[in-house]
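Structural overview
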Protein chains: 2
Amino acid sequence: MKRNRPFFLISNDDGYTAKGINELIDTLRPLADLLVVAPERSRSGMGCAITADVPITCELVRKERGLKVYVCSGTPADCIKLAHAHLLKGRRPDLVLAGINHGDNSSVNAHYSGTMGAVYEGALHGYPSMAFSLCDFNPDADFTPLRPYIIDLVFKAITVGLPHFSCLNVNFPKCEKFKGTKVCRMAYTQWDNEFTKAKRPQGGTVYWLTGDRRDIGEPQEDTDSWALAHGYVAITPVTLDVTSYGLLEILNNVL
Amino acid sequence: MKRNRPFFLISNDDGYTAKGINELIDTLRPLADLLVVAPERSRSGMGCAITADVPITCELVRKERGLKVYVCSGTPADCIKLAHAHLLKGRRPDLVLAGINHGDNSSVNAHYSGTMGAVYEGALHGYPSMAFSLCDFNPDADFTPLRPYIIDLVFKAITVGLPHFSCLNVNFPKCEKFKGTKVCRMAYTQWDNEFTKAKRPQGGTVYWLTGDRRDIGEPQEDTDSWALAHGYVAITPVTLDVTSYGLLEILNNVL
C-alpha cells in the first residue's frame, strides 16, 4: 500500500518554520509521502543561488509516518541539490514542490525567487516541479482557499507529467475566492526606486532594497500580471532553456 | 568630445580585485567611459540573487578620468540595481557588461552565474547587456587572447543593439587561439555528485558543493557546449522571458 503512495520532495524560501510550507505539508500529507528539505531561515530573493564558498549543514528535525523534515543552512537550490545527492536514497520523487511562498513570484519576480530556484533545481534534475506562491506577504496569511487548487494541480501534474527542462510557476491572487485558473505567459514588468538611502547610526550611508514594481505598458490578457489582477490563479509554464531563439536567428545574420 | 564617448556600466561576480574585471576595464578604457560597480568579495554562484534582508553599502574606491570604481557589499544583481538607482545620475549606459568571469558560464551554469545575474539585471532595466566568461578558473588566467573578440562584440552590440528583455552570454574556451565565434543555443547539461560529505572538526557532518557536469546525450553542434569543446567562442543569446510557449499550448488543452 505505502509503496504506491506518491512521493513529493518539498522546499521553500521562507524557511522551514513559515506558515506557507507547513500549509503545503498539511495539504499534501494525506495524499503522499513527503520529504521536506527547507532553509533554516528566510532566504527570499535568492533566485537560483547556490552556496559555493562554505560548506552547508542539514539536520533532521521531524520524522513521522510518511514525513521527514530536514533543515538546511543553504539556499533553496542547495536544499534540492542536497536532497537529490544524499537524502532521496534512490526513491525518485513524483514531484518537486516549493512554497507556499509568502508573496508574489509572478512576472520578473520569478528571476529573484528562491521558491522558483528550488523548482528550477528540481527540473534541472529531471523531476516534474511546481512552485506555489500567494500574493500576500502577511506571515499569517490565510492559505485555505488554495488547498483544492493545489491538490488538483498536483494530481494533474502527476498524471500528465511535465516535459523535460520545464516547470510550473503558480501564483494565487490575494482574495477569498478565485475566479478560476489561467495558463499565462510571464508579464514584462520593471522595478523602480529600488533602494532607499539611509544613514547608519555609526556613520556612513547604507541602501535598503525596496522598490515599486511597474507594468511595462498595459498588462495584456495572456499574462500572469493580468490574471492575478483579475482574481485568477496564474499558472505560468517555465522553461530552463533561456536561449532567445528569435535573437539567435538575427545574430546569425549579423555576426 | 567626451560627451560622444560610449559609456559602459561594468560588474562581475568574482569581486572587484579579480584579474578578469580588471582586464575588462583595461581593454575598454581606451574606448569608453566606465562606471564599475563590483562586489567587495567573490559572489560566485549567486545567480540573480538580491539582498533582501540587510542594507548594503557602496564605496567609491577609484576615480580617474573616464573611470569610476565602486565596491558594493551586495550581489552582482544588487550592483547593477544600485548603479541604476543612485550612481548613473541620469547618464544612460550604452552597454551593461559583466566579467570577465574566471570560469565557465555556459549551459545550465548560466542559471547559477552571478555574472549572468548582473547582465540579466541590466537587461531588465532595458540596457543592452553582455556577459564574458573564460572557461578557466585560474585566478591568474591569461585573458589577452579575448581582447579583440570583446572589442569587436562590444562595437557590434552598440551598433546593432539588442532587443528588449534579452542579453548575450559569451563564453571563451580555454585555449591560446580561438577558431572563431559561434552563435549557439544553451546546451542541456546536468550536475552529478554535487556534494562531498565531510566531518566538521568540532563534530557533525557538513556538505561541500563540488560536482561533475555531464552532457545529456552527445552535445549537439548548435550548442554552447559543442562550440567550447571545439575551440569556438560561444555566443548565446538569452531571453528574460522564461515562459515555455510550447508547454503553454499543451496546458491550455489539459487544464
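Predicted model only: the values in this text are computed from it and were never measured. Residue positions are given per chain, counting from 1 as you read along its sequence in written order. Here chains are named by letter from A upward and ligands by number from 1 upward, in the order in which they appear as written. For this predicted model, a pLDDT threshold of at least 70 governs which residues receive local features, and a threshold of 80 or more governs which side-chain atom pairs are given and counted, while totals over whole chains, interfaces and linings are taken from all residues. With hydrogens and water set aside, each side-chain value is computed from the structure's full complement of heavy atoms.

Another point: empty space enclosed by the protein. It is a probe the size of a water molecule, rolled over the atoms, that shows where empty space is left. Cavities and pockets are found on a 1 Å grid laid over the protein atoms alone: a cavity is a set of points where a 1.4 Å probe fits but cannot escape, a pocket is an open set with protein on both sides within 12 Å along at least five of seven lines, and a lining residue has an atom within 4 Å of such a point. Grid points are joined across faces, edges and corners, and a volume is the space filled by probe spheres set on the points. Scanning all chains against the criterion turns up five cavities of 30 Å³ or more. In terms of lining residues, the largest cavity is bounded by C48(A), A110(A), H111(A), Y120(A), V242(A), G47(B), C48(B), H111(B), Y120(B) and V242(B).

Mapped onto the fold, T189(B) is located in strand 9 (residues 189-192). It only takes one pair of heavy atoms within 4.5 Å for two residues to be counted as in contact. Setting aside its immediate chain neighbours within four residues, T189(B) contacts F165(A), S107(B), V108(B), R213(B), R214(B), D215(B), I216(B) and S225(B). Starting at the N terminus, helices and strands are each numbered in turn, a helix being any DSSP run of H or I of at least four residues and a strand any DSSP run of E of at least two.

Residue and element names in this part refer to chain A. UniProt positions are given in the numbering used here, feature names are shortened, and annotations may be inferred rather than shown by experiment. According to UniProt, the feature "binding site: a divalent metal cation" (unreviewed entry) maps to D13, D14, S44 and N101 in the numbering used here. Sequence-wise these annotated residues cover 89 residues; spatially they are packed, their C-alpha atoms never more than 9.2 Å apart. Here, the largest pocket is lined by S44 out of the annotated residues. You can see D13 is positioned in the loop between strand 1 (7-11) and helix 1 (19-28). A residue is classified by how much of its surface remains accessible, and D13, at 3% relative accessible area, is buried. Dropping the residues within four chain positions of it, D13 is found in contact with P39, R41, S42, R43, S44, G45, P76, N101, S113, G114 and T115. Only protein chains enter the accessibility calculation, which uses a 1.4 Å probe; a residue is then buried when its area is under 20% of its type maximum, exposed when over 50%, and partly exposed in between.

Here we come to the UniProt feature "domain: Survival protein SurE-like phosphatase/nucleotidase" (unreviewed entry) in chain A. The UniProt record marks residues 9-192 of chain A with the feature "domain: Survival protein SurE-like phosphatase/nucleotidase" (unreviewed entry), using the residue numbering of this structure. Helix and strand shares over residues 9-192 of chain A are 28% and 28% respectively, and the end C-alpha atoms of the span are 36 Å apart.

Each side of the interface is counted separately: chain A has 73 residues, and chain B has 73 residues. We define a salt bridge as a side-chain nitrogen of Lys or Arg found within 4 Å of a carboxyl oxygen belonging to Asp or Glu. Put simply, chain A and chain B have four salt bridges between them. R41(B) is the salt-bridge partner of D53(A), the closest N and O atoms lying 3.6 Å from each other. Whenever a nitrogen or oxygen atom comes within 3.5 Å of another N or O atom, the pair is scored as a polar contact, on the condition that within protein one atom can donate a hydrogen and the other can accept it, and that pairs from neighbouring residues in sequence are kept only if both atoms are in side chains. The interface formed by chain A and chain B includes 22 residue pairs in polar contact (both at pLDDT 80 or more). Charged means Asp, Glu, Lys or Arg here, nonpolar means Ala, Val, Leu, Ile, Met, Phe, Trp, Tyr, Cys or Pro, and polar covers whatever is left, Gly included. Considering only residue class, the side of chain A that touches chain B consists of 44 nonpolar, 18 polar and eleven charged.

All right, on to unusual backbone geometry then. All names here are of chain A. A cis amide bond, omega -5°, links G99 with the succeeding residue I100. Take I100: it is sitting in strand 5 (residues 95-102). The residue S107 is not glycine, and still its phi comes out positive at about 45°. Topologically, S107 is positioned in the loop between strand 5 and helix 3 (109-112).

Turning to the side chain of N109(A), a few remarks are in order. All names here are of chain A. Assignment of secondary structure puts N109 in helix 3. Taking the relative accessible area as the measure of exposure, N109 reaches 11% and is therefore buried. Excluding its chain neighbours within four sequence positions, the residues that come into contact with N109 are D104, W191 and R213.

In this text, buried Ala, Val, Leu, Ile, Met, Phe, Trp, Tyr and Cys residues form a nonpolar core when linked through side-chain atoms within 4.5 Å. Among the nonpolar cores identified, the biggest contains 76 residues, and L35(A), V37(A), C58(A), L35(B) and V37(B) are the most heavily contacted of them. Beyond its immediate sequence surroundings of up to four residues, L35(B) is in contact with F7(B), F8(B), L9(B), I10(B), K68(B), Y70(B), A83(B), L87(B) and L88(B).

All names here are of chain A. Counting buried residues along strand 7 (residues 166-172), seven of its seven residues qualify, which places the element largely inside the surrounding structure. Residues S166, L168, V170 and F172 point to one face of strand 7 and C167, N169 and N171 to the other, with burial holding for every one of them. Any two strands are treated as partners once DSSP identifies two or more bridges connecting them. Where strand 6 (residues 129-134) meets strand 7, five bridges bridge the pair, whose relative direction is parallel. When the bridges of strand 7 are listed, F132 appears paired with V170. Convention used here: a crossover is right-handed provided that the path from the first strand, over the helix, to the second strand proceeds clockwise when the strands point away from the viewer. Traced from strand 6 through helix 5 (residues 147-160) to strand 7, the parallel crossover comes out left-handed. Examined bridge by bridge, strand 7 and strand 13 (residues 233-239) share six bridges and lie antiparallel to one another. Within strand 13, the position partnered with L168 by the bridge is P237.

A few words now on the environment of A52(B). As for its position among the elements, A52(B) is in the loop between strand 2 (33-39) and strand 3 (58-64). On the basis of relative accessibility, which here comes to 44%, the residue A52(B) falls in the partly exposed class. With 26 residues separating them in the primary sequence, A52(B) and D78(B) have C-alpha atoms 9.8 Å apart. Excluding anything up to four places from it in sequence, A52(B) contacts S44(A) and L209(A).

What follows concerns the packing of aromatic side chains. Geometry of aromatic contacts follows a simple scheme: Phe, Tyr and Trp rings, the Trp one being its six-membered ring, pair when their centres are within 6.5 Å, and the pair is stacked under 30 degrees between planes, edge-to-face over 60, tilted otherwise. The full count for this structure, using the stated rule, is twelve aromatic pairs over all chains. For the pair W226(A) and Y232(A), a centre-to-centre distance of 6.2 Å together with 20° between the ring planes defines the contact as stacked. In textbook terms, an aromatic cluster arises when at least three aromatic residues are bridged by ring pairs, as seen for F132(A), Y149(A), F172(A) and F178(A). Of note, R91(B) hangs over the ring of F7(B), and the distance from its end group to the ring centre comes to 4.3 Å. Remark: a charge is flagged as sitting over a ring if the NZ atom of Lys or the CZ atom of Arg is within 6 Å of the ring centre and within 35 degrees of the ring normal.

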